[in-house]
Amino acid sequence: MTTPLLILIAGPYRSGTGGDPALIARNLEILERAAAPIHRLGHVPMIGEWVALPILRGMDETDAAEGDVMYETAHRLLQHCDAVLRLPGDSAGADMDVKIALERGLPVYRALEEIPAREDAAA
């Protein structure tokens with residue numbers, strides 16, 4: 001493989017936090033820890049929250065209340081992704097990402113070690 005994959009990193013973000021901002025931030029940190037290893041393998045890491053959070057900040061309360069921006073953004077983003085890395089932990093959103101990926105015939109990796117390195121990636 002010589003073309004980099006766009007790999008969605010899916011895992012808990014809001015799940016299990018009770019809305020606690022510190023726990024949500026910790027979950028985002030866990031998702032982000034997978035980004036550098038994916039990059040080192042020669043691919044492009046993507047986290048749905050990196051895209052959805054600025055969208056939410058730009059919406060008024062009425063717009064934000066009309067739907068789930070997080071899920072909708074992930075669904076749209078998955079139309080452009082080549083694979084999903086599903087990190088451990090309960091998450092309805094991450095499970096939906098996996099379902100969509102499988103429906104599209106995309107690989108779903110359960111560990112960083114499963115992701116193939118790009119042939120010309122720096123080791």
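Owing to the predicted nature of the structure, the values given are computational and were not obtained by experimental measurement.

(A) Spotlight on the pairing of strand S1 (residues 6-10). Of all 5 residues in S1, 5 are buried; the element is thus mostly enclosed. Going residue by residue along S1, you find Leu6, Leu8 and Ala10 tucked away on one face and Ile7 and Ile9 tucked away on the opposite face as well. Pairing between S1 and strand S2 (residues 44-46): 3 bridges, direction parallel. In the sheet register, Leu8 faces S2, and the bridge partner there is Met46.

(B) Region of the structure containing the pattern of salt bridges. Evaluation of the coordinates by the stated rule reveals 4 salt bridges. With its nearest N and O atoms 2.7 Å apart, the salt bridge here joins Arg86 to Asp95.

(C) Region of interest: the sheet that holds strand S4 (residues 108-109). Judged by pairing direction, the sheet is parallel, and its 4 strands sit side by side in the order S2-S1-S3-S4 without closing on themselves. Pairing within the sheet leaves two strands with one partner each, and these edge strands are S2 and S4.

(D) Main features of the pairing of strand S3 (residues 83-86). Side chains Ala83 and Leu85 project from S3 onto one buried face, and the interleaved Val84 and Arg86 project onto a second face that is buried too. Bridge count for S1 against S3 is 4 bridges, and the pairing is parallel. Residue pairing across strands places Ile7 opposite Ala83, the latter belonging to S3. In this sheet, S4 lies alongside S3 in parallel orientation, the contact comprising 2 bridges. Bridge pairing in S4 links Val84 to Val108.

(E) Representation of the layout of surface pockets within the structure. Of the volumes computed, that of the largest pocket is approximately 240 Å³. Residue lining of the largest pocket: 18 residues in total, with Gly11, Tyr13, Glu49, Gly93 and Ala94 positioned closest to the centre. The set of elements that each furnish at least two residues to the lining of the largest pocket consists of S1, helix H3 (48-57), helix H5 (69-77) and helix H6 (92-103). At 4 residues, H6 tops the list of elements feeding residues into the lining of the largest pocket. Across the lining of the largest pocket, the residue classes tally to 10 nonpolar, 5 polar and 3 charged.

Conventions adopted
Residues numbered from 1 in each chain as written. Predicted model: local features only at pLDDT ≥ 70, side-chain atom pairs only at ≥ 80, totals over all residues. Heavy atoms only, no water. Buried < 20%, exposed > 50% of the residue type's maximum accessible area, 1.4 Å probe, protein only. Helix = DSSP H or I, 4+ residues; strand = E, 2+ residues; numbered from the N terminus. Pairing = 2+ DSSP bridges. Salt bridge = Lys/Arg side-chain N within 4 Å of Asp/Glu carboxyl O. 1 Å grid on protein atoms, 1.4 Å probe; cavity = no way out; pocket = protein on both sides within 12 Å on 5 of 7 lines; lining within 4 Å. Points joined across faces, edges and corners; volume = space filled by probe spheres on them. Nonpolar A, V, L, I, M, F, W, Y, C, P; charged D, E, K, R; others polar.

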